[in-house]
Amino acid sequence: MVEGVYDRYVGRGAVGPPSRYSRRVVANVDRLRRVKGLTVGELISRAGMTKSYYQSRAGFSLPYNTNDIEALAAALGVTPEEVANPESAPRVEMRVPAAPLAARVRRLIESQAARESDLVDHLDEIDPAAAESARALLAAATNTVVLDEEVLRLVTHWADVPAEYLTDYTDDAVTDRTDAELELRDAMREAGASSIQFRALGEMSSDALRAIAHSLRSRPPAT
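These numbers come from a predicted model, not from an experiment. (Residues numbered from 1 in each chain as written. Predicted model: local features only at pLDDT ≥ 70, side-chain atom pairs only at ≥ 80, totals over all residues. Heavy atoms only, no water.)

1. Concerning helix α8 (residues 116-126)
Formally: A simple rule labels every residue: compare its accessible area, found with a 1.4 Å probe on the protein chains alone, to the largest value its type can have, and call it buried under 20%, exposed over 50%, or partly exposed in between. Strands here are runs of E lasting at least two residues and helices are runs of H or I lasting at least four, both read from the DSSP assignment and numbered beginning at the N terminus. Of all possible arcs, the one meant is that of the directions from the helix axis to the C-beta atoms. It only takes one pair of heavy atoms within 4.5 Å for two residues to be counted as in contact.
Restricting attention to buried positions, one finds in α8 the residues L119, V120 and L123. Down the axis of α8, the buried set is contained in an arc of 95°. They therefore lie on one face. If you follow the buried residues of α8, they end up packed against α7 (98-111), α9 (128-139) and α10 (149-159).

What follows is the structure, given as structure tokens:
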């Protein structure tokens, strides 16, 4: 059963950018390790993995395979299904590459003509833990961080962009469309136009949005 679940979402031997599901499995392993009171070294030893093997999976260079899931489950004293099904976690956490995700959050802040402190203050009014997570992401010195997915949803709601721009940033179609919307938002602000709700743009293509942004930037300055 685990093999079916894992292969359906990740694909055996898959390479390339980690999927949203893959990142959540990695974070789920971290969560279960902490719950069981194990160090990373203890988990690696119990699972029969080398440090380099484990780090390549935890750092997204390669995905866990079904044998890894079974070995980790045995080491953690849980079922393979509990490892492979992060939806069963009390809160949905994701391990994400810090630098690219922080860059996207800063891009959203810029699109709002805001400051990092404005976003953090907004989150703090909703959930202080979310504000702290956002602050940690923006200041992260490590390659990856573990975040509650709800934090990313709150950020995208504040910036009026699809949640998938942060929660599933490997989706090229969402990225291209959102980047085009942000370009138009910047051009509108530079032209002194009023802000709009970008969900009202409907099914306009990314090329059409960029063409509008280019048109706005090409207009002669008002006299």
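From this point on, the discussion continues.
2. A few points about the pairing of strand β2 (residues 144-148)
Short version of the rule: Two strands qualify as a pair provided DSSP detects at least 2 bridges between them.
Most of β2 is tucked away: four of the five residues are buried. Sheet topology places strand β1 (residues 93-97) next to β2; five bridges connect them, and they run antiparallel. Looking at the pairing, E93 lines up with D148 of β2.

3. Points about α9
Where we set the bar: Helix span is expected to be 1.5 Å times the residue number reduced by one. Any N or O atom pair separated by 3.5 Å or less is treated as a polar contact, with the protein-specific requirement of one donor-capable and one acceptor-capable atom, and with residues adjacent in sequence counted only for side-chain atom pairs.
Taking 1.5 Å as the rise per residue, α9 with twelve residues should run 16 Å; its terminal C-alpha atoms sit 17 Å apart, in good agreement. Buried-residue contacts for α9 involve α7, α8, β2 and α10. Looking at where α9 begins, the residue whose side-chain oxygen comes 3.0 Å from the main-chain nitrogen of A129 is D127.

4. Description of the environment of N28
Its place among the elements puts N28 in helix α2 (residues 20-35). Sequence-wise, N28 and E82 are 54 residues apart; in three dimensions their C-alpha atoms are separated by 8.7 Å.

5. Notes on the side chain of T156
Relative to the elements of secondary structure, T156 occurs in helix α10. Look past the residues within four positions of T156 in its chain and what remains in contact with it is V161, P162, A163 and L166.

6. Overview of unusual backbone geometry
Where the residue is not glycine, phi is negative for most of them; where a peptide bond is considered, it is trans in most cases. A positive phi is found at A113, a non-glycine position, where the angle reads about 50°. Structurally, A113 is set in the loop between α7 and α8. Judged by its relative accessible area of 56%, A113 is exposed.

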